[in-house]
Amino acid sequence: RELFVGLMLSCDICFELTEKDPENRHSTVPFDERVFVAPELLPDQKPDTVADFWEGRKSWYLHYQHDFLHYGIIQSFIVKTRQLADIRDIWKSGIQLREQGQYALVEALEEDKTIRVQVTENGKPLLDKIRNLLETLQNKEGVESVSADGVHFVQMAELEKRHREEK
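In short, a report on the structure. (Residues numbered from 1 in each chain as written. Predicted model: local features only at pLDDT ≥ 70, side-chain atom pairs only at ≥ 80, totals over all residues. Heavy atoms only, no water.)

1. A look at the sheet that holds strand β5 (residues 94-99)
Selection rule: Strand pairing requires that DSSP identify at least two bridges connecting the strands. Working definition: helices are DSSP H or I runs of at least four residues, strands are E runs of at least two. Numbering for both runs from the N terminus. Contacts between residues were defined by any pair of non-hydrogen atoms, one from each residue, lying within 4.5 Å. Every axis in this analysis is a line fitted to C-alpha atoms, fitted for helices over the stretch in contact. Angles between the N-to-C directions lie between 0 and 180 degrees.
In space, the seven strands of this open sheet follow the order β4-β5-β6-β7-β3-β8-β9, with antiparallel pairing throughout. Each edge of the open sheet carries a strand with a single partner, namely β4 (90-91) and β9 (154-155). Sheet analysis places β5 next to strand β6 (residues 102-109), joined by six bridges and oriented antiparallel. Opposite Q96, over in β6, you have L105 as the bridge partner. Contacting β4, β5, β6 and β7 (114-120), helix α3 (residues 71-81) runs over the sheet at an angle of about 30° to β5. Contacting β3 (59-65), β5, β6, β7 and β8 (143-147), helix α4 (residues 124-137) crosses the sheet at an angle of about 30° to β6.

Written out as structure tokens, the structure reads:
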């Protein structure tokens, strides 16, 4: 079992919830007492507390549109960013992150083949971290679009082109 869980951890299929003793970082918790979570086995629905948090909140939005969206992208993202979230804010296809007063919601919308990112107004540093990680996880980069209202999106390539033309 230990070998199998080790493989799952190294492949970003699961993460560990077991708290390490901050006083003694060399102590080890016996394997039978450790707790592991596989995102694929979490609830399908976004928690109500997460949905309520974002209801009516002024945010910035980012979408990655794919021809084919592999579940492994969001699964790896959840595993790699788990330390920035409470376990109650994670579900099968998404996670709410919190860092230094900044909040972000990252979720895969399977029916749209989209990864959707929503950040609070002060969340630019957290958004940059999210973008960098998503770019490394996506084997074929999706079409990146941004929005200030979550409804009307502009492709990032178009914004960059306009910016170059204005200079």
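2. A few points about the pattern of salt bridges
Quick note on the threshold: By definition here, a salt bridge exists when the distance from a side-chain nitrogen of Lys or Arg to a carboxyl oxygen of Asp or Glu is within 4 Å. The cut-offs for exposure are 20% and 50% of the maximum accessible area for each residue type, with area from a 1.4 Å probe on protein chains only; residues under the lower value are buried, those over the upper are exposed, and the others partly exposed.
Summed over all chains, the structure comprises twelve salt bridges. Two residues, K46 and E107, come together in a salt bridge whose shortest N-O distance is 3.3 Å. With K46 in the loop between β2 (36-37) and α2 (48-54) and E107 in strand β6, this residue pair connects regions lying 61 residues apart in the sequence. The class for K46 is partly exposed, based on a relative accessible area of 27%. Of the residues examined, E107 reaches a relative accessible area of 5% and is grouped as buried. E107 serves as the salt-bridge partner of R116, at 3.5 Å between the closest nitrogen and oxygen.

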